[in-house]
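# Remarks on the overall topology
Read off the chains here:
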Amino acid sequence: FQPKVLRGKRIVITAGPTFEPIDPVRGITNRSSGKMGFAIARAAREAGADVHLVAGPVALPTPRGVLRTDVGTAQQMLDAVQSSVPGSDVFIAVAAVADWRVDGVADQKLKKTGDSDVPSLSFVQNPDILATVARLPNRPYCVGFAAESEQLESFGEAKRQRKNIPLLAGNLGPSTFGQDDNEIILFDAQGMTRLPRADKLALARQLVAAIAARLPG
Ligand code: C5P
């Protein structure tokens, strides 16, 4: 049994990787499975929220009762988020958004030419979706994720402050990518809360409860 702690709340969640094209057939992505974001969408829905899940390319079924928009690139994810966020109560950025995209995506498939001829790619920075939402004047309650490979306790709080958000969920990654369980430390202005290793749905339910407890009003 789950109490409906988010009844009447509208929540926007990003999940999964992004896919940044190189040409019409190739692209750059990452190993995010989307499992954590989808588990949070399910848990938020179970808690009574109206949930909009903006998902990069993943192979996961849509949680029951959740509205889903599929996107490819970081820019498309930002566009979907920006049109959905006004009027929402909570934004949870779980997606592993590509930091860079290819500058000048080729219109046609790049051709293999001579034996030693290789293309070179240059990159431009992608927008930071979480930071963009966190700067909005009437921003929803913003929750970020951070995968750190070391020193999670100090890097996590620093990232929360740098991103200017009230709550950050840190995990020691990227070893958690694709796994069914995870281990999280929550960082907020009051300090750290450890959520011991558990399956992602159990952690998602604890995170939803933690968010509900921190919402104003
Ligand atoms: O700075 P870093 O990428 O580690 O921050 C991770 C957090 O920021 C995650 O919540 C992620 O979803 C979000 N993010 C984003 N847009 C980006 C990069 C990260 O929303 N371009």
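This section reports on the structure supplied with the text. Computed from a predicted structure; not experimentally measured.

## Quick word on the overall build of the chain
Along the chain, the regular secondary structure elements total 5 helices and 12 strands. Overall, the C-alpha framework of the chain stretches about 65 × 35 × 35 Å when taken along its three principal axes. Residue burial in the chain is summarised as follows: out of 217 residues, 46% are buried. Sequence-distant contacts, at least 24 apart, represent 62% of the contacts inside the chain between residues at least 6 apart. Total accessible area computed for the chain in this model is approximately 11400 Å², and 50% of it derives from carbon and sulfur atoms. Across the chain, 26 positive and 22 negative side-chain charges occur, with their mean positions spaced 6 Å apart.

## Concerning the nonpolar core
With 39 residues, the main nonpolar core has L6, I13, I40, I92, F145 and I211 as its most contacted residues. Ranked by the residues each element gives to this core, the list is headed by helix α5 (residues 200-214), at 8 residues. With near-sequence residues (within four places) excluded, I211 lies in contact with V90, I92, Y141, V143 and L167. Among the nonpolar cores identified, the runner-up in size contains 22 residues, and A95, I129, C142 and F187 belong to it.

## Describing the site of the ligand
Taken together, the neighbourhood of the ligand is formed by A93, V94, A95, V97, P127, D128, I129, L130, G144, F145, K159 and K163. A93 is positioned with one of its backbone polar atoms (N or O) 2.6 Å from an oxygen atom of the ligand. Within the backbone of F145, an N or O atom sits 2.8 Å from an oxygen atom of the ligand. Considered on its own, the ligand offers 450 Å² of accessible surface; in the complex 83% of this is hidden by protein. Elements supplying a minimum of two residues to the shell around the ligand: α3 (129-134), β9 (141-148) and α4 (152-163). Each residue belonging to the shell around the ligand can be placed in one class, and the counts come to 8 nonpolar, 1 polar and 3 charged.

## A word on the packing of helix α1 (residues 35-46) against α5
Interhelical geometry of α1 versus α5 gives an angle of 55° and a closest axis separation of 8 Å. Comparing the axis directions of α1 and α5 gives the class oblique. For the crossing formed where α1 meets α5, the hand is right-handed. Together, K35, M36, A39, I40, R42, A43, A44 and E46 of α1 and K200, L201, L203, A204, R205, L207 and V208 of α5 make up the contact between the two elements. Of the residues that constitute the contact of α1 with α5, the class distribution is 10 nonpolar, no polar and 5 charged.

## Description of the pairing of strand β6 (residues 90-93)
Within a regular beta strand, the side chains point alternately toward one face of the sheet and then the other, so they alternate between its two faces. Of the two faces of β6, the one lined by V90 and I92 and the one lined by F91 and A93 are each fully buried. Relative to β6, strand β1 (residues 10-15) runs parallel, the two being bridged by 4 bridges. Counterpart to V12 in the pairing with β6 is F91. With 4 bridges connecting them, β6 and β9 associate as parallel partners.

## Describing α1
With 12 residues, α1 extends 16 Å between its outermost C-alpha atoms, agreeing within 8% with the 16 Å of an ideal straight helix rising 1.5 Å per residue. Where α1 is concerned, the buried positions are M36, G37, F38, A39, I40, A41, A43 and A44. Immediately downstream of α1, the backbone of G48 shows phi near 100°, a positive value.

## Focus: the sheet that holds β9
The strand order across the open sheet built from 8 strands is β5-β4-β1-β6-β9-β10-β11-β12, with neighbouring strands paired in mixed fashion. Across the chains shown, the open sheet's two edge strands, defined by having one partner strand only, are β5 (67-70) and β12 (191-199). Within this sheet the neighbouring strands show an average axis-to-axis angle of 20°, counted without direction. Where strand β10 (residues 167-172) lies against strand β11 (residues 181-188), 4 bridges are found, and the strand directions are antiparallel.

## Looking at the pattern of salt bridges
Per the counting criterion, the structure on display carries 12 salt bridges. Here K163 and D128 are joined by a salt bridge, their closest N and O atoms 2.8 Å apart. Taken together, the residues span a long stretch of sequence, with K163 in helix α4 and D128 in the loop between β8 (123-125) and α3 at a distance of 35 residues. Ionic contacts of the salt-bridge type, sharing partners, join the residues R42, E46 and R205 into one network.

Definitions and cut-offs
- Residues numbered from 1 in each chain as written.
- Predicted model: local features only at pLDDT ≥ 70, side-chain atom pairs only at ≥ 80, totals over all residues.
- Heavy atoms only, no water.
- Helix = DSSP H or I, 4+ residues; strand = E, 2+ residues; numbered from the N terminus.
- Buried < 20%, exposed > 50% of the residue type's maximum accessible area, 1.4 Å probe, protein only.
- Contact = heavy atoms within 4.5 Å.
- Areas by Shrake-Rupley, 256 points an atom, 1.4 Å probe, with all protein chains shown as cover.
- Lys, Arg positive; Asp, Glu negative; His and termini not counted.
- Charge placed at Lys NZ, Arg CZ, Asp CG, Glu CD.
- Core = buried A, V, L, I, M, F, W, Y, C linked by side-chain atoms within 4.5 Å.
- Near = heavy atom within 4 Å.
- Polar contact = N/O pair within 3.5 Å; in protein donor to acceptor, adjacent residues only side chain to side chain.
- Nonpolar A, V, L, I, M, F, W, Y, C, P; charged D, E, K, R; others polar.
- Axes fitted to C-alpha atoms, helices over the stretch in contact; angles between N-to-C directions.
- Parallel < 35°, antiparallel > 145°, perpendicular 65-115°, else oblique.
- Left-handed = near helix turned anticlockwise from the far one by under 90°.
- Pairing = 2+ DSSP bridges.
- Expected span 1.5 Å × (residues − 1).
- Salt bridge = Lys/Arg side-chain N within 4 Å of Asp/Glu carboxyl O.

In short, geometric facts, not functional conclusions.
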